[in-house]
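Read off the chains here:
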Amino acid sequence: MNARGVAAEKVTAEVLQAYAATPDPRLRELLAALITHLHAFATETGLTTAEWMAGLEFLTAVGQKCDPERQEFILLSDTLGLSSLVETINAVAGATEPTVLGPFYRPGAPRREMGEHIGRPEDGPVALIRGRVTDTAGNPVDGATLDVWQGSGNGLYDIQDPQQPDFNLRGVFTTGPDGGFAFRTSRPVSYPVPIDGPVGNIYRATGRHNYRAAHVHVILSGQGYEPVTTHIFDSANEHLGSDAVFGVRDSLISEFRPAAPDDPPDVRYVVDVDFTLAPATG
Ligand SMILES: [Fe+2]
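As the structure is a computational prediction, the values presented were derived from the model and not from experiment.

J.: What's the story with the pairing of strand β5 (residues 215-221) in this structure? I'm lost.
T.: In terms of residue burial, β5 counts as a mostly covered element, since six of its seven residues are buried. Sheet topology places strand β2 (residues 145-149) next to β5; five bridges connect them, and they run antiparallel. When the sheet's bridge partners are listed, L146 is paired in β5 with L220. Relative to strand β6 (residues 228-234), β5 is paired through six bridges, and the arrangement is antiparallel. In the strand pairing of β6, H215 is matched with F233. Connecting β5 to the antiparallel partner β6 that follows it, the hairpin turn spans six residues, and G224 within it adopts a positive phi of roughly 85°.

J.: Whenever I open this one, the packing of helix α1 (residues 3-18) against helix α2 (residues 25-45) confuses me. Can you help?
T.: To characterise two packed helices, one gives the angle between the axes of the helices and the distance between these axes. Running from N to C, α1 and α2 point in directions that differ by 165°, and their axes come no closer than 10 Å. Judged by the inter-axis angle, α1 sits roughly antiparallel to α2. With respect to the hand of their crossing, α1 and α2 are arranged in right-handed fashion. Counting all contacts with α1, which are made through A8, T12, V15 and L16, the residues of α2 involved are A32, I35, T36, H39 and T43.

J.: Would you mind going over the domain arrangement of the protein chain with me for this structure?
T.: Reports often express the size of an interface as the amount of accessible area lost when the parts come together. By the assigned domains, the protein chain splits into domain 1 (3-47) and domain 2 (77-277). Taken over C-alpha atoms, the centre of domain 1 sits 40 Å from the centre of domain 2.

J.: Would you take a moment to explain the sheet that holds strand β3 (residues 170-174) for this structure?
T.: Across the sheet, five strands lie side by side as β3-β2-β5-β6-β7; this open sheet has mixed pairing. The open sheet has two edge strands, β3 and β7 (253-254), and neither has a second partner.

J.: How should the environment of Q160 be read in this particular structure?
T.: For Q160, the location among the structural elements is in the loop between β2 and β3. Take Q160: there are 17 C-beta atoms within 10 Å of it, and that puts it in the partly exposed class. For the pair formed by Q160 and E69, sequence separation is 91 residues and the distance between their alpha carbons is 8.3 Å.

J.: What is the right way to read α1 from this model?
T.: Here α1 spans 23 Å end to end across 16 residues, near enough to the 22 Å set by a 1.5 Å rise per residue. Of all 16 residues in α1, zero are buried, a share of ten percent or less.

J.: I tried to follow the nonpolar core on my own but got confused; where do I start?
T.: Among soluble globular proteins, nonpolar side chains are generally buried collectively. Judged by nonpolar contacts, the single largest core of 31 residues is most densely connected at V133, L146, V148, L220 and L277. Put simply, the parts of the chain that give this core at least two residues each are β1 (126-135), β2, β4 (180-186), β5, β6 and β10 (275-277). By residue number, the principal contributor to this core is β1, which donates four residues. Setting aside residues up to four positions removed in sequence, L146 forms contacts with F173, F181, V218 and L220. Counting eight residues, the second-largest nonpolar core is a separate cluster that includes I74, L75, A244 and V245.

Thresholds applied
- Residues numbered from 1 in each chain as written.
- Predicted model: local features only at pLDDT ≥ 70, side-chain atom pairs only at ≥ 80, totals over all residues.
- Buried ≥ 20, exposed ≤ 12 C-beta atoms within 10 Å, placed from the backbone.
- Helix = DSSP H or I, 4+ residues; strand = E, 2+ residues; numbered from the N terminus.
- Pairing = 2+ DSSP bridges.
- Axes fitted to C-alpha atoms, helices over the stretch in contact; angles between N-to-C directions.
- Parallel < 35°, antiparallel > 145°, perpendicular 65-115°, else oblique.
- Left-handed = near helix turned anticlockwise from the far one by under 90°.
- Contact = placed C-beta atoms within 7 Å.
- Domains from an automatic or database assignment.
- Expected span 1.5 Å × (residues − 1).
- Core = buried A, V, L, I, M, F, W, Y, C linked by C-beta atoms within 7 Å.

See the structure below:
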């Protein structure tokens, strides 16, 4: 190792030592790993002063782009695959696989009746999504909540589109004793993640497309169960293999089958999908 490498190692060791007595053990562990990996990143790449400053300016711009309806940091985390990785690390054995929350979740969606349409006719062809929520032993979960949201046929969520009513394509459904649920929505379409902010520069600089594989978002929860943030993906979608935010899981892909004569007459597609909740881990 040359003299510069020795000096760099000394800086890293000094910084680690400065935080080694952090009282909270988990904070101590996270800080030590963060410092170790950040320093290794700079050392291994030979990070220049100009590149370091460009990185700081980029992160500053990401923060400045955030407002109550635009979370550029979540988009950055999604775009780098960190959100997907964290969901995977925290998946609960036996439960429905989790995937990214995404930047468009809004708490407080209206409670709706089973079978109700969460959107409007103009959002797209109607899909009936139905199934059961069970526990890991296969028993129905009474009182499970599905907090559902998605974008319209124009590729926009309500908070991006002044033409949509507040809380369009959002709804909260609660299962009964049989664990069953059903709701109507429009068949989801692929939509671009926003590239009008600093994260858009990542897509432009790397030549990646910025489309999500078409999906419906669901947060599942229930008293005594670990909540699961997940998606329902459309098996016919062209972007399943190249999702902009790395959210696709094979187990979350469902067929939007054309409605049959004995399906409800207002429905163009039917999706049968079941969910599994695991006991809370404390
Ligand atoms: Fe989405």
